[in-house]
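# An overview of the molecular structure
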Protein chains: 2
Amino acid sequence: MPAILRADQPDFETRFQALLALKRESAPEVDDVVASILADVRLRGDEALIDYTSRFDRLDLAPDTLAISPEEIAAASLAVPPDEAQALELAAARIEAYHRRQLPENVSFEDEAGAQLGWRWTPVEAAGLYVPGGTASYPSSLLMNAIPARVAGVRRLSVCMPTPGGKVNPLTLLAARLAGVTEIFRIGGAQAIGALAYGTQTVQAVDKIAGPGNAYVAAAKRRVYGTVGIDMIAGPSEILVIADADQNPDWIAMDLLSQAEHDESAQSILLTDSPAMAQAVIAAVERALALLPRRDIAEASWRANGAVILTRDLAQAAEISDRIAPEHLEICTEDAEALSARIRHAGAIFLGAYTPEAIGDYVGGPNHVLPTARSARFSSGLSVLDFMKRTTIARMSPGALAAIGPSAETLARSEGLEAHALSVRLRLDALNEG
Amino acid sequence: MPAILRADQPDFETRFQALLALKRESAPEVDDVVASILADVRLRGDEALIDYTSRFDRLDLAPDTLAISPEEIAAASLAVPPDEAQALELAAARIEAYHRRQLPENVSFEDEAGAQLGWRWTPVEAAGLYVPGGTASYPSSLLMNAIPARVAGVRRLSVCMPTPGGKVNPLTLLAARLAGVTEIFRIGGAQAIGALAYGTQTVQAVDKIAGPGNAYVAAAKRRVYGTVGIDMIAGPSEILVIADADQNPDWIAMDLLSQAEHDESAQSILLTDSPAMAQAVIAAVERALALLPRRDIAEASWRANGAVILTRDLAQAAEISDRIAPEHLEICTEDAEALSARIRHAGAIFLGAYTPEAIGDYVGGPNHVLPTARSARFSSGLSVLDFMKRTTIARMSPGALAAIGPSAETLARSEGLEAHALSVRLRLDALNEG
């Protein structure tokens, strides 16, 4: 049974705080190992990559087989069953169409002082994407990371993915092809992050690294941050469903389990103003679990981290949801839009009974890389902007400098920065003489 | 003498790589100390803040004097000389006007499948700003950090600043008042970051922390990242000036020194296609140094980290500038706009002879918190977006789900995620029956 909390009970606040504080992820201490791998890749380049790949992935590579060849990629693409290929193409097209709308506009204006001001967006030159190996090698995840980069205008897009024992998921290679990836290297772990950050003889360094990974990959990303940019460090997945009395409990149960089946550390929470719905969903989860090949994982997640919270009304459910700031928020209520307007903190919102969260994982269009562990309070899902940066631009006319320069001079001097003050004063004097 | 490089010489690439690799900042190993301070603040709250402030800032506080009172702030504001107050007000107004244009728009559209898609921006609920103490307590920096947060719509804006021996810069308090800061605490160092991240009895926790600080503050920000959001970790300041033959060498020399005077680790680089201009600027720097109260710092920075690079032409100067990706780029050339259009990587660009970088530090309007250490390759200066986050929104109509749901089901099953597949399938079956 998951935790059942009632918002009208005196112990609610205590129990809710305990739920918020639930530490679901135990990050192993891998920092020292990661530091030594990174240093080794920096020093020995390809040779280090080949050694670690032999050791960790039982795969013998040479410099000229570090990259998966275009022929292999083409062959793998042909091996994908047609229905999967079509589904992936639909997903890629929809993700691209949504993300194209995120392309920002440059701004340029002249203000009342005569200053020409604005900013300009430019893409990151080269990006690296990490794709985990084994069961977590998700083609959908490759699309979600690569397409925003491509739409941003990133010229070079390198993928690193471990291929333990040499095994590759053909659908992942097709996804890379659809997303316009430039190169794919069969390397993983901290060594792959090192290669992308520092470059080796074969792997060119990039400017930004994105994509999920295990504890080693996450620690390596933290360490190379600064040398390159990184995306977020994602934690276990979460879903919060707000449901009223008139929903189908079987649908909601399956939505809750679609997060729970990812990982024992995943978290699924139901908020409802209907005690009957709460009971019905809890019962439906038990029935649904029996249908799942990943039942053990889903069940462990639901029992340990799942929660059902009974609220006074739907407005209170929205308030509680905001305190949690969930990664995924499903609003299954009669007027979902109205309730959604009250929400301030969530990674992604799914409205109405016909928008299961799984739609967003694959074909909805919005990105499925979203802030976890309450970080939706201060961060956003992956977007085109993560692969762009903004340069501010200013041009003073002589008149503009005459108007605002003296204030800059005053402030510079008040901060004890005389060269700052003089760099303005020399020009003002020239204007006065002129 | 700074390094002088000629782009047409055979050793250029080697010397340029050495310049890029120049490690200007030696970060002391403070991580263990910081970890213990953070843990202590988390455990003992106000008591820990009071202890550390007594120890590090020689200042005895009680819970009710941790915050600077509104009366003190009002009194300090009155103590500011009128010309400084007016200059600060002009700066605040111009910074606000520029940043208001950064407010993003929400998007909502229906696509051809009948899916309602979009996203919505919301402000971070509460932000904390760190303001360094001592000589680095810059009122301008407070404006640059606080105004974007206020424009974003952040409701609660807390400032922490150490006040060694109880000394406060009245101009900084006035800046806080102008920027609409909610509360100011006289605490600094890692303990201040801990208070903002975890909260204490007196200091409420925030969601995002911004602002510069010393090595302890930087290490503390890295550590609390995840619990709260943080802005960038800024390094020493840099300027790159591209100048043609027809510029005033005294002006350019002073611009170079306006970065050098910040910090011995600062870096000033001149790129020019004119050997005569290179020599004239080098000579002008020597003359200008004599005028500076912070001459020792500026001179040390210029000698150790300064560089003059002679290029074949201005196009090559733009290429080299992009490889450096400077924090501040001044383009002092005849057709500065045309050259600017070639630039892909820079934090801020200042165009033409009448736009000294110091204008941007105070009154230009754009933010002066900018990416250092070549991180303009992948990141941007501080903006309103740093205090907002985007929630993606999706609503499927039954028709949209029927159109794209089967593809989601196919992909979910190919990834072995049956609950994902079934959450779509249950609804599709209901639609087919209906």
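It should be noted that the structure appears before, not after, this text.
The paragraphs below set out a description of the structure included in this document. (Residues numbered from 1 in each chain as written. Chains lettered and ligands numbered in written order. Predicted model: local features only at pLDDT ≥ 70, side-chain atom pairs only at ≥ 80, totals over all residues. Heavy atoms only, no water.)

### Quick notes on the sheet that holds strand β5 (residues 156–160) of chain A
Sheet strands pair by backbone hydrogen bonding; their relative direction is either parallel or antiparallel. Residues and elements named next belong to chain A. An order of β6-β5-β4-β7-β8 is seen for the five strands of this open sheet, with the pairing classed as parallel. One side of each edge strand has no neighbouring strand; the edge strands of this open sheet are β6 (183–185) and β8 (229–230). Direction of pairing for strand β4 (residues 126–130) relative to β5: parallel, over a ladder of five bridges. Within β5, the residue paired with L129 across the bridge is V159. Lying over the sheet, helix α6 (residues 139–152) contacts β4, β5 and β7 (208–210), oriented at roughly 165 degrees with respect to β5. Helix α9 (residues 215–224) contacts β4, β7 and β8 of the sheet and is inclined by roughly 160 degrees relative to β7. (Pairing = 2+ DSSP bridges. Helix = DSSP H or I, 4+ residues; strand = E, 2+ residues; numbered from the N terminus. Contact = heavy atoms within 4.5 Å. Axes fitted to C-alpha atoms, helices over the stretch in contact; angles between N-to-C directions.)

### Notes on the side chain of S321 of chain B
Tracing the sequence through the fold places S321 of chain B in helix α13 (residues 314–324). Once residues lying within four places of it in the same chain are set aside, the contact partners of S321 of chain B are L240, I242, L271, P326, L329, I343 and H345 of chain B.

### Examining the pairing of strand β5 (residues 156–160) of chain B
Residue and element names in this part refer to chain B. For β5, the buried fraction is high: five of the five residues fall into the buried class. Bridge analysis of β5 against strand β6 (residues 183–185) gives three bridges, and the strand direction is parallel. By the bridge assignment for β6, C160 is matched with F185. Between the parallel elements β5 and β6, the chain passes through helix α7 (residues 170–178) in a crossover that is right-handed. (Buried < 20%, exposed > 50% of the residue type's maximum accessible area, 1.4 Å probe, protein only. Right-handed = clockwise from strand over helix to strand, strands pointing away.)

### As for the relation of the copies chain B and chain A
Note that the two copies of the chain are related through a rotation about an axis and a translation along the same axis. For these two chains of identical sequence, chain B goes onto chain A by a turn of 180 degrees and a shift of 0.0 Å along the axis, with RMSD 0.0 Å. The superposition operator between the copies reduces to a two-fold rotation axis. Comparing interface residues between copies, 100% of those in chain B also sit at the interface in chain A, which points to an isologous, same-surface contact. (Least-squares fit on C-alpha atoms with pLDDT ≥ 70 in both.)

### Brief notes about the sheet that holds strand β9 (residues 238–243) of chain A
Taken in spatial order, the nine strands make up an open sheet running β1(A)-β11(A)-β10(A)-β9(A)-β12(A)-β13(A)-β14(B)-β3(B)-β2(B), and their pairing is mixed. Pairing within the sheet leaves two strands with one partner each, and these edge strands are β1 (3–6) of chain A together with β2 (107–110) of chain B. Between one strand and the next, the sheet's axes are offset by a mean angle of 15 degrees, whatever the strand orientation. Relative to strand β10 (residues 267–272) of chain A, β9 of chain A runs parallel, the two sharing six bridges.

### A few points about unusual backbone geometry
Residues and elements named next belong to chain A. In this structure, R58 is a non-glycine residue whose phi angle is positive, near 50 degrees. Topologically, R58 is positioned in the loop between α3 (46–57) and α4 (70–79). Looking at R58, the relative accessible area reads 58%, which means it is exposed. Although it is not a glycine, A373 adopts a positive phi angle of roughly 55 degrees. By the element assignment, A373 lies in the loop between α15 (357–362) and β14 (388–396).

### Notes on the interface of chain B and chain A
The partner chain A presents 120 residues to the 120 residues of chain B that form the contact. When chain B packs against chain A, close to 10300 Å² is buried across both sides, 59% of that on carbon and sulfur atoms. Summed over the shared surface of chain B and chain A, the result is 11 salt bridges. Between R344 of chain B and E125 of chain A there is a salt bridge whose closest N-O contact spans 3.0 Å. On the surface where chain B and chain A come into contact, there are 62 residue pairs in polar contact (both at pLDDT 80 or more). Looking at side-chain class alone, the side of chain B that touches chain A contains 63 nonpolar, 30 polar and 27 charged residues. Inspection of the sheet shows β14 of chain A paired to strand β13 (residues 348–351) of chain B by four bridges, in the parallel sense. (Buried area = accessible area lost by both parts, 1.4 Å probe. Salt bridge = Lys/Arg side-chain N within 4 Å of Asp/Glu carboxyl O. Polar contact = N/O pair within 3.5 Å; in protein donor to acceptor, adjacent residues only side chain to side chain. Nonpolar A, V, L, I, M, F, W, Y, C, P; charged D, E, K, R; others polar.)

### A word on helix α16 (residues 398–414) of chain A
Taking 1.5 Å of rise per residue, 17 residues should cover 24 Å, and α16 of chain A covers 24 Å from first to last C-alpha, within 8% of that figure. Helix geometry: α16 of chain A is bent most strongly at I404 of chain A, by close to 45 degrees, with proline P406 of chain A lying one to four residues after it. If you check which residues of α16 of chain A are buried, you get A400, L401, I404, G405, S407, A408, E409, L411 and A412 of chain A. The inward-facing, buried residues of α16 of chain A abut β3 (115–123), β14 and α17 (418–433) of chain A together with α5 (82–100), α7 and α15 (357–362) of chain B. Of the residues one or two after α16 of chain A, G416 of chain A is the one with positive phi, at around 75 degrees. (Expected span 1.5 Å × (residues − 1). Bend = angle between axes of the 7 residues up to and from the residue.)

### Observations concerning helix α11 (residues 275–289) of chain A
Helical periodicity: at 3.6 residues per turn, an α-helix aligns residues three or four positions apart in one direction. Residue and element names in this part refer to chain A. Compared with the 21 Å implied by 1.5 Å per residue over 15 residues, the 21 Å span of α11 between its first and last C-alpha is a close match. Along α11, the residues classified as buried are M277, A278, V281, I282, A284, V285, A288 and L289. The arc that holds every buried residue of α11, seen down its axis, measures 165 degrees, which confines them to one face. On the buried face of α11, the contacting elements are β1, β9, α10 (249–260), β10, α12 (295–305) and β11 (307–310). (Arc of directions from axis to C-beta.)

### Description of the packing of aromatic side chains
All chains considered together, the criterion is met by 10 aromatic pairs over all chains. Measuring from ring centre to ring centre gives 5.4 Å for F12 of chain A and F16 of chain A, while their planes differ by 20 degrees; the resulting arrangement is stacked. Here F12 of chain A and its partner F16 of chain A are both found in helix α1 (residues 12–21), four residues apart, which amounts to about one turn of the helix. According to the relative accessible area criterion, F16 of chain A is buried, its value standing at 0%. Taken together, a centroid distance of 6.2 Å and an interplanar angle of 40 degrees make the contact between F109 of chain A and Y98 of chain B tilted. With F109 of chain A in strand β2 (residues 107–110) and Y98 of chain B in helix α5, this pair bridges two chains. Judged by relative accessible area, which is 10%, F109 of chain A ranks as buried. Y98 of chain B gets classed as buried once you look at its relative accessible area, which sits at 1%. (Phe/Tyr/Trp six-rings, centres within 6.5 Å; stacked < 30°, edge-to-face > 60°.)

### Concerning the pattern of salt bridges
Residue and element names in this part refer to chain A. Scanning the entire structure with this criterion turns up 49 salt bridges over all chains. In this structure, R303 and E299 form a salt bridge, with 2.6 Å as the shortest nitrogen-oxygen distance. Highlighted residues: R303 and E299, both in helix α12, separated by four residues, approximately one helical turn. E299 sits in the buried class, given a relative accessible area of 18%. Among the charged side chains, a network of salt bridges with common partners joins E409, R413, E418, R425 and D429.

### Some words on the packing of helix α5 (residues 82–100) of chain A against α6 of chain A
Residues and elements named next belong to chain A. Orientation of α5 relative to α6, taken along the N-to-C sense of each, is 35 degrees, at an axis distance of 9 Å. The handedness of the crossing between α5 and α6 is right-handed. The segment α5 lies against α6, with L88, A91, A92, I95, E96, H99 and R100 engaging P139, L143, M144, I147, P148 and V151. Grouping the constituent residues of the contact of α5 with α6 by class yields 10 nonpolar, one polar and two charged. (Left-handed = near helix turned anticlockwise from the far one by under 90°.)

### Considering the environment of P371 of chain A
Residues and elements named next belong to chain A. Its place among the elements puts P371 in the loop between α15 and β14. For the pair formed by P371 and A325, sequence separation is 46 residues and the distance between their alpha carbons is 9.2 Å. If we skip the residues at most four places from it in the chain, P371 touches M232, E327, G347, A376, S379, S380 and G381.

### Describing empty space enclosed by the protein
The tally for this structure, following the rule as stated, stands at three cavities of 30 Å³ or more. Looking at the largest cavity, its volume works out to about 90 Å³. Taken together, 18 residues line the largest cavity, and the ones lying closest to its centre are A348, F350, G360 and P366 of chain A together with T392 of chain B. Mapped onto the lining of the largest cavity, the elements with two or more residues apiece are β13 (348–351) and α15 of chain A together with β14 (388–396) of chain B. Residue classes in the lining of the largest cavity are distributed as nine nonpolar, seven polar and two charged. Size it by volume and the second largest cavity reaches roughly 70 Å³. Secondary-structure elements contributing two or more residues to the lining of the second largest cavity are β14 of chain A together with β13 and α15 of chain B. (1 Å grid on protein atoms, 1.4 Å probe; cavity = no way out; pocket = protein on both sides within 12 Å on 5 of 7 lines; lining within 4 Å. Points joined across faces, edges and corners; volume = space filled by probe spheres on them.)

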